[in-house]
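# Fold and geometry: a report
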Amino acid sequence: MAVPILQELIEKGEEEDACIELLSNILEVLYKAQKVNPVFSAASFSLSSNHLGNDLTKPVRVKKHIQLILERLLHTVNRRVIILDRENTLRSHYVACMAAILSQMDKDHYSSYIKAFPSRPELMDFLMETFILFKDLIGKMVYPSDWMVMNMVQNREFLRAINQFAATLTEMFLSNSSFELQLWNNYFHLAVAFLTQDSLQLENFSQAKRNSILAKYGDMRATIGAAIRDMWYNLGHHKIEFIPGMVGPILEMTLVPELELRKSTIPIFFDMMLCEYQLTESFSRFEDEILHKLDSEVEGGRGDEQYKQLFESILLSCCQRHPELAKPGENFVAVVTGLLERLLDYRAVMNDENKTYSMSCTVNLLNFYKEIDRQAMYIRYLYKLKDLHVSYENYTEGAYTLLLHARLLKWSDEANTAPMQGLHSPSLHTQRQLKEALYNQIIDYFDQGKMWEEAIHICKELAEQYESEVFDYEMLSDILQREAKFYEKILKVLRPSPDYFAVGYYGQGFPTFLRNKVFIYRGKEYERREDFEMRLLSPFPNAEQLKSTSPPGQDITGSPGQYIQCFTVQPVEEAKVRFKDRSIPEQITNFYKANHVQKFSYSRPFKKGPKDPDNEFATMWIERTTFVTAYPLPGILRWFVVTSTTTTIISPLENAIETMMKTNEKIMSEINRHQNDPSLPINPLSMLLNGIVDPAVMGGFAKYETAFFQESYLQEHPEDEGNIEKLKDLIAWQTPLLAEGIRIHGRKVTEDLRPFHERMEQCFMQLQAKVESQYGVREMICFEDRRSGRPRSVAWGPDWDRLSHAGDRQVLTEAPPTPKPASHTSESEDRRNERKENRSSTFFGYRRQDLRQSISELPEPKEKRRLSRSMIESSLGSSEGKQPLPSRDTTGAQPSTAGLSLSPTGFGGRVKSASKAPPLPRKISPTVYETFLEQSDA
């Protein structure tokens with residue numbers, strides 16, 4: 001007989017080419033005979049005894065021959081397919097023979113074949129082996145993907161076999177005594193693999209190919225999906241054994257984009273929830289698993305908006321029919337749909353060349369996982385975000401991102417429970433080891449991002465551990481040296497302040513995480529607004545840029561298009577308590593003006609009231625919009641969404657006060673810069689001073705006087721009396737600032753610019769005479785900062801920002817310090833003191849304070865010489881000399897501070913009334929002369 005011989009040769013692996021050819025011919029003859037007539041005679045079909053045996057000389061039924069081949073060769077062929085390597089060319093021929101055998105089997109063949117197994121374990125082994133083989137052949141196709149007919153025929157026969165074997169499972173392996181968990185598990189995994197294979201995803205094919213497949217084979221996904229659903233419900237009380245293991249495969253099945261399939265299979269999730277809830281009064285295992293699997297499935301390309309809506313509607317409907325699950329089910333559905341929304345946004349942009357929006361979506365996801373307390377997923381996305389930042393050289397943001405992970409760890413020897421991420425060595429077994437490694441990486445990133453203040457904080461924490469916890473003095477020495485270098489860089493390395501931009505995305509054409517929202521962006525170093533806008537618009541080539549800075553109307557926000565609005569905003573510095581009443585170098589204070597900021601303002605000027613063509617300041621109103629972001633900048637992103645917006649109107653008088661304040665700040669800034677670095681070029685200082693003191697250049701503050709200091713204005717606006725006094729006070733305090741600026745300018749000016757400087761001095765003396773006669777004399781008294789010889793800046797005084805409140809000028813006095821006898825110092829100490837004085841600041845600086853912050857009285861550093869020597873000498877020469885010189889303490893005591901005042905605008909010094917006209921500008925006041933003599937001997 002041919003069949004037993006074939007069986008023997010195939011099992012031995014001998015003459016396989018001939019065996020395959022013979023078996024193929026036999027199956028082809030049987031197929032043709034079956035197709036022509038299910039019953040055929042010896043006349044129509046005659047086989048020799050070498051083929052089918054001597055007993056087949058009379059008419060036989062085709063079914064009997066098929067049964068013989070099935071019993072003898074199916075298992076043998078299956079085993080051979082399993083044994084052969086994938087690269088073996090014979091494997092595909094054996095698979096074709098297997099599919100041909102399956103295609104000719106009917107229900108009776110399957111039934112008799114199952115019954116033919118002598119024992120239940122042998123049947124279970126066969127089913128287990130067949131399920132594994134089918135899953136392997138489906139996952140790694142034997143035939144090329146463009147061999148549509150071969151692949152679809154194989155799938156059709158596999159589907160018939162799977163459904164037949166499913167009936168066997170239900171009949172023989174479902175009862176309590178016969179239930180086989182692993183066998184059922186293999187069935188479900190095979191069925192889901194069959195349903196989700198690429199060759200059945202019709203939506204990926206052309207319309208013509210899709211129609212051809214549907215006409216000839218139908219949509220096999222619907223058939224197997226219904227079978228999976230029925231088999232699940234057949235499990236009964238055994239379902240709990242498949243939770244959470246089957247959550248992932250069922251989710252993968254429901255994500256297939258076929259509407260009817262989704263509608264029929266999504267309810268399985270509710271059945272899983274109900275099953276677990278009835279046993280444990282919660283469905284936490286199911287929830288954890290579906291959230292975990294959903295992340296990987298959507299990132300892999302599955303899922304869409306339709307699925308999110310179906311999932312929400314079907315599960316909510318199911319939960320509402322069970323009161324005990326109504327509330328927890330509603331919360332669960334909200335969590336899943338929220339995650340789906342963020343995952344879909346993330347997937348939509350993760351492959352874009354511009355990773356800006358990938359970063360935003362990553363942050364949305366990690367924040368979501370933090371809210372629902374899924375630490376492993378939270379950490380996973382932290383490192384995705386960190387890698388994106390480093391690839392774009394956003395080292396500051398990368399450091400803040402890693403810091404979020406480090407903050408989750410303790411300084412302890414507890415084992416790491418979260419999965420390791422990034423490139424950290426597997427040897428980092430404890431939380432202390434991992435946290436230390438993270439901190440060192442964070443310090444490097446902060447260093448590269450020039451955020452040395454933040455690096456110092458991390459260094460201090462590490463130093464505390466090395467010194468007090470692990471007593472590793474070698475590491476303590478290393479970290480203190482790194483910290484010292486960061487302090488040095490703060491003072492010596494140039495750090496340009498970044499610009500900030502408000503960006504609005506308006507219109508329904510944007511994704512949900514951008515649509516009709518405003519963000520504050522932190523620009524890169526030296527990045528122009530034009531370059532920033534180009535970078536911003538590149539992912540949206542069809543977007544239209546709005547020219548106006550006003551919020552758009554409903555016609556823009558509701559339109560299907562894309563509109564982008566971009567303009568520069570100014571950071572609003574938060575007041576630093578530890579800097580209050582302190583003399584701080586500008587290199588330190590400037591950092592906080594543009595960092596750790598959460599408020600940003602934009603000022604839009606507009607005209608209101610009757611226009612004055614000769615004085616625009618009288619009608620110049622300001623609309624100031626303040627934006628508050630969700631988090632301070634910089635942070636884990638270079639931008640954050642705006643959470644609140646407020647708009648205030650600044651009157652012309654208040655605008656004048658602010659403008660005057662900014663001008664005084666600029667003067668003090670330049671003074672401090674030149675004191676800190678004498679090598680700076682003089683040109684910026686020249687232009688600043690000349691623009692203020694020379695009326696021919698900028699017009700000075702005369703227009704303020706015309707607009708606000710007239711009696712008619714005060715009668716019309718009596719509530720502005722306090723603000724008028726503040727503006728006058730600012731004008732008066734500008735005089736000593738200009739005096740010091742001109743002194744520095746005279747010391748550094750070159751001979752070819754000497755006439756220019758002399759012209760400035762003349763203009764200043766005229767200006768000084770006018771100001772002091774009208775608004776009083778202001779004298780800035782400065783004392784030596786005993787802590788260091790470094791040039792210092794002085795923070796600026798209290799409550800100048802309260803522009804809308806009237807207030808009288810108050811004079812605050814300090815008791816004079818107790819004189820101390822002069823000490824005898826050695827020659828070396830004298831030299832050190834001399835060097836210290838040479839590098840000490842002789843004037844003062846400032847620091848802008850945040851509006852709405854109260855600021856207390858400031859220290860008053862020493863000044864050795866307030867006016868240029870030529871001005872002092874000319875004043876002394878023209879003095880009548882009738883006033884007696886004040887006595888000087890020969891013991892070298894410090895100058896008295898009696899009579900020092902703090903003005904409404906915050907300057908500390910002597911304030912003199914303007915009720916009596918001061919000396920002419922060529923004369924020096926007795927108080928200034930007294931100060932000059934005292935400080936000359938100090």
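Basis of the calculations
Residues numbered from 1 in each chain as written. Predicted model: local features only at pLDDT ≥ 70, side-chain atom pairs only at ≥ 80, totals over all residues. Heavy atoms only, no water. Helix = DSSP H or I, 4+ residues; strand = E, 2+ residues; numbered from the N terminus. Buried < 20%, exposed > 50% of the residue type's maximum accessible area, 1.4 Å probe, protein only. Contact = heavy atoms within 4.5 Å. Areas by Shrake-Rupley, 256 points an atom, 1.4 Å probe, with all protein chains shown as cover. pLDDT = per-residue confidence, 0-100. Expected span 1.5 Å × (residues − 1). Salt bridge = Lys/Arg side-chain N within 4 Å of Asp/Glu carboxyl O. Phe/Tyr/Trp six-rings, centres within 6.5 Å; stacked < 30°, edge-to-face > 60°. Lys NZ or Arg CZ within 6 Å of the ring centre and 35° of its normal. Polar contact = N/O pair within 3.5 Å; in protein donor to acceptor, adjacent residues only side chain to side chain. Core = buried A, V, L, I, M, F, W, Y, C linked by side-chain atoms within 4.5 Å. Pairing = 2+ DSSP bridges. Patch = residues over 30% accessible without salt bridge, like charges linked within 9 Å, V, L, I, M, F, W, Y side chains within 5 Å. Lys, Arg positive; Asp, Glu negative; His and termini not counted. Charge placed at Lys NZ, Arg CZ, Asp CG, Glu CD. Axes fitted to C-alpha atoms, helices over the stretch in contact; angles between N-to-C directions. Parallel < 35°, antiparallel > 145°, perpendicular 65-115°, else oblique. Left-handed = near helix turned anticlockwise from the far one by under 90°. Nonpolar A, V, L, I, M, F, W, Y, C, P; charged D, E, K, R; others polar.

Another aspect to go through is the overall build of the protein. For the protein, the helix and strand inventory stands at 35 helices and 12 strands. Burial analysis of the protein (938 residues in total) assigns 49% to the buried set. Of the contacts formed within the protein by residues at least 6 apart in sequence, a portion of 74% connects residues at least 24 apart. As presented, the protein carries roughly 45100 Å² of accessible surface, and 51% of it is formed by carbon and sulfur atoms.

This part takes up the confidence of the model for the protein. For the protein, the average pLDDT comes to 80, and 78% of its residues sit at 70 or higher. Note on residues 834-902: pLDDT under 50 across the span, and 216 contacts to partners over four residues away in sequence or across chains.

With that settled, the discussion passes to helix α17 (residues 356-371). Spacing of three or four residues puts side chains on the same side of an α-helix, whose turn is 3.6 residues. Across its 16 residues, α17 extends 23 Å between first and last C-alpha, which sits within 8% of the 22 Å expected from 1.5 Å per residue. Taken across its 16 residues, α17 has 12 buried, putting it largely inside the fold. Taken residue by residue, α17 has T356, Y357, S358, M359, S360, C361, T362, V363, L365, L366, F368 and Y369 as its buried positions. Taken from the residues just after α17, D373 is the one with a positive phi, measuring 60 degrees.

All right, on to the environment of L259 then. Note that L259 resides in helix α12 (residues 259-265). Distance from L259 to A222, taken between C-alpha atoms, is 9.8 Å for residues 37 residues apart in sequence. Once residues lying within four places of it in the same chain are set aside, the contact partners of L259 are Q306 and L310.

Between side chains of opposite charge, pairing is possible as soon as their charged atoms come close. Tallied over the full model, the rule gives 45 salt bridges. When the shortest N-O distance is used, the salt bridge between E670 and R673 registers 2.9 Å. Placement of both E670 and R673 in helix α26 (residues 652-676) is noted, with a separation of 3 residues, approximately one turn of the helix.

Per the counting criterion, the structure on display carries 46 aromatic pairs. When the centroid spacing of 5.8 Å and the interplanar angle of 75 degrees are considered together, the rings of Y505 and F519 count as edge-to-face. Of this pair, Y505 sits in strand β3 (residues 500-506) while F519 sits in strand β4 (residues 517-522), and the two are 14 residues apart along the sequence. Considered together, Y505 and F519 belong to a single accessibility category, that of buried residues. Summarising the aromatic geometry, the rings of F708 and Y713 are spaced 5.4 Å apart at their centres and angled 75 degrees between planes, so their arrangement reads as edge-to-face. Here F708 and Y713 have matching classes, each one buried. Of the aromatic side chains, those joined through ring pairs into one cluster are Y110, Y113, F117, F126, F131, F165, F179, W184, Y187, F188, W232 and F242. Above the plane of the ring of Y381 lies K384, whose end atom (NZ or CZ) is 5.7 Å from the centre. A cation sits over an aromatic face here: K608 above W621, 4.4 Å from the ring centre.

The next subject is the side chain of Q562. Residue placement: Q562 occurs in the loop between α24 (554-557) and β6 (563-572). Owing to a relative accessible area of 18%, Q562 belongs among the buried residues under this scheme. Within the structure, the side chain of Q562 is placed 3.0 Å from the backbone oxygen of G509, a separation counted as a polar contact.

A few words now on the nonpolar core. If you look at the biggest cluster of nonpolar residues, it comprises 202 residues, and the most contacted ones within it are F269 and Y505. For this core, the element with the highest residue contribution is helix α16 (residues 323-349), accounting for 11 residues. Ignoring any residue separated from it by four or fewer positions in sequence, one finds F269 in contact with V247, I250, L251, T254, F286, I290, Y307, F311 and L315. In this structure, L653, A656, L737 and A739 belong to the second largest nonpolar core, which totals 35 residues.

Turning our attention to the pairing of β4. Side chains on a regular strand alternate between the two faces of the sheet. Within β4, 5 of the 6 residues are buried, which leaves it mostly tucked inside the rest of the structure. Sheet topology note: the β3/β4 ladder contains 6 bridges and is antiparallel. Bridge pairing in β4 links A502 to I520. Pairing of β4 with strand β9 (residues 639-650) involves 3 bridges; the strand directions are antiparallel. Along β9, the bridge assignment pairs F519 with V641.

Turning to unusual backbone geometry, a few remarks are in order. Here the residue pair I243 and P244 is connected by a cis peptide bond, since its omega of 10 degrees sits within 30 degrees of zero. When you line up the elements, P244 lands in the loop between α10 (220-234) and α11 (247-254). The residue after L633, namely P634, is reached through a cis peptide bond having omega 0 degrees. Looking at where P634 falls in the secondary structure, it is placed in the loop between β8 (620-633) and β9. Positive phi outside glycine occurs at E281, with the angle close to 60 degrees. Here E281 is to be found in the loop between α13 (267-280) and α14 (284-299).

Turning to a negative patch on the surface, a few remarks are in order. Taken together, the side chains of E14, E15, D17 and E21 define an acidic patch exposed on the protein surface. Relative to the assigned elements, E14 resides in the loop between α1 (2-12) and α2 (16-36). Given the relative accessible area of 40%, E14 is considered partly exposed.

Right, let's get into the packing of helix α27 (residues 683-693) against helix α31 (residues 721-748). The geometry of α27 relative to α31 is characterised by a closest axis approach of 11 Å and an angle of 140 degrees between their N-to-C directions. For the element pair α27 / α31, the angle class is oblique. Crossing hand, α27 versus α31: left-handed. On the side of α27, the interface is formed by L685, S686, L689, I692 and V693, while α31 contributes Q734, L738, G741, I742, I744 and H745.

So, about the environment of Y400. Structurally, Y400 can be placed in helix α19 (residues 395-406). Once you skip the residues sitting within four places of it in the chain, Y400 turns out to touch F446, M451, E454, H596, P634, G635 and I636.

To continue, consider the environment of S601. Mapping S601 onto the fold places it in strand β7 (residues 597-607). Through-space distance from the C-alpha of S601 to that of T646 is 9.4 Å; in sequence the pair is 45 residues apart. When near neighbours in sequence (up to four residues on either side) are disregarded, S601 contacts V569, Q570, V572, R624, T625 and T626.

The buried count for α27 comes to 8 of 11 residues, which makes it a mostly enclosed element. If you check which residues of α27 are buried, you get L685, S686, L688, L689, N690, G691, I692 and V693.

Further remarks concern the packing of α17 against helix α18 (residues 375-391). Running from N to C, α17 and α18 point in directions that differ by 160 degrees, and their axes come no closer than 8 Å. When the interaxial angle is binned, α17 and α18 end up roughly antiparallel. Note on packing geometry: the crossing formed by α17 with α18 is left-handed. Facing α17, whose interface residues are S358, M359, T362, V363, L365, L366, Y369 and K370, α18 presents M377, Y378, Y381, L382, K384, L385, L388 and H389. Of the residues that constitute the contact of α17 with α18, the class distribution is 11 nonpolar, 3 polar and 2 charged.

Our focus in this paragraph is the pairing of β3. Across the 7 residues that make up β3, a large majority, 7, are buried. By the alternation rule, side chains of β3 split into Y500, A502, G504 and Y506 and F501, V503 and Y505, which are all buried. Where β3 meets β6, 7 bridges bridge the pair, whose relative direction is antiparallel. Bridging from a neighbouring strand, Y505 pairs with I564 of β6.

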